[in-house]
Amino acid sequence: MDWNRIEGSWKQFSGKAKEQWGKLTDDDIAQINGNREQLEGKLQERYGKAKDEVRKDVDEWSGRLH
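These figures come from a predicted structure and were not determined experimentally.

Peer 1: Just checking my understanding: could you explain the overall build of the protein for this structure?
Peer 2: Within the protein one finds 5 helices and 0 strands. Mapped from its N terminus to its C terminus, the protein presents α and β elements in the order α-α-α-α-α. Computed over C-alpha atoms, the radius of gyration of the protein comes to 11 Å, within 12% of the 11 Å expected from 2.2 N^0.38 for 66 residues, which places it in the range of a compact globule. Over its C-alpha atoms, taken along the principal directions, the protein stretches across nearly 25 × 25 × 20 Å. Looking at the 66 residues of the protein, the share that counts as buried comes to 35%. For the protein, the share of sequence-separated contacts (at least 6 apart) that also reach a separation of at least 24 residues comes to 42%. Treating the 13 positive side-chain charges of the protein as one cloud and the 14 negative ones as another, the clouds have centres 2 Å apart.

Peer 1: Please clarify how the UniProt feature "domain: CsbD-like" (unreviewed entry) in the protein should be interpreted in this entry.
Peer 2: Under the feature "domain: CsbD-like" (unreviewed entry), the UniProt entry names residues 4-56. The span residues 4-56 carries 77% helix and 0% strand; its end-to-end C-alpha distance comes to 17 Å.

Peer 1: Quick question: what am I supposed to make of unusual backbone geometry here?
Peer 2: Most of the time, phi is negative for any residue but glycine, and the peptide bond is trans. In this model, Asn33 sits at a positive phi of 45 degrees, which is unusual for a non-glycine residue. Mapped onto the secondary structure, Asn33 falls in the loop between α3 (26-32) and α4 (36-47).

Peer 1: What is the right way to look at the nonpolar core in this model?
Peer 2: Residues Trp10, Trp21, Leu24, Leu39, Leu43, Val58 and Trp61 are the most contacted members of the largest nonpolar core, which totals 15 residues. The contacts of Leu43, once residues within four sequence positions are left out, are Trp21, Leu24, Gly48, Val54 and Val58.

Peer 1: Even after reading the chapter, I still don't get the pattern of salt bridges, so can you show me in this structure?
Peer 2: When the charged atoms of two side chains lie near each other, side chains of opposite charge can form a pair. Counted according to the given criterion, the structure contains 10 salt bridges. The residue Glu40 makes a salt bridge to Arg55 at a minimum N-O spacing of 3.8 Å. With a gap of 15 residues between them, Glu40 in helix α4 and Arg55 in helix α5 (residues 51-64) connect regions that are remote in the sequence. A residue is classified by how much of its surface remains accessible, and Glu40, at 6% relative accessible area, is buried. Its salt-bridge partner being Glu45, residue Lys42 comes within 3.9 Å of it at the nearest N-O pair.

Definitions and cut-offs
- Residues numbered from 1 in each chain as written.
- Predicted model: local features only at pLDDT ≥ 70, side-chain atom pairs only at ≥ 80, totals over all residues.
- Heavy atoms only, no water.
- Helix = DSSP H or I, 4+ residues; strand = E, 2+ residues; numbered from the N terminus.
- Rg over C-alpha atoms; globule rule 2.2 N^0.38 Å.
- Buried < 20%, exposed > 50% of the residue type's maximum accessible area, 1.4 Å probe, protein only.
- Contact = heavy atoms within 4.5 Å.
- Lys, Arg positive; Asp, Glu negative; His and termini not counted.
- Charge placed at Lys NZ, Arg CZ, Asp CG, Glu CD.
- UniProt positions renumbered as here; feature names shortened; annotations may be inferred.
- Core = buried A, V, L, I, M, F, W, Y, C linked by side-chain atoms within 4.5 Å.
- Salt bridge = Lys/Arg side-chain N within 4 Å of Asp/Glu carboxyl O.

Structure below.
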């Protein structure tokens, strides 16, 4: 799915993001507010993954959204 669409409908997709990445807090979700870079940064912080790995995870997740 196009990231602009996700960003524009973040409230709708934030629950799916929390399902996918359970370590994200409600505060994280509010702070991210649909911003992909913020999401990737929080995922790196919470999961200790490399930037490239996080980017791949986000690409896969967003590709599965309808």
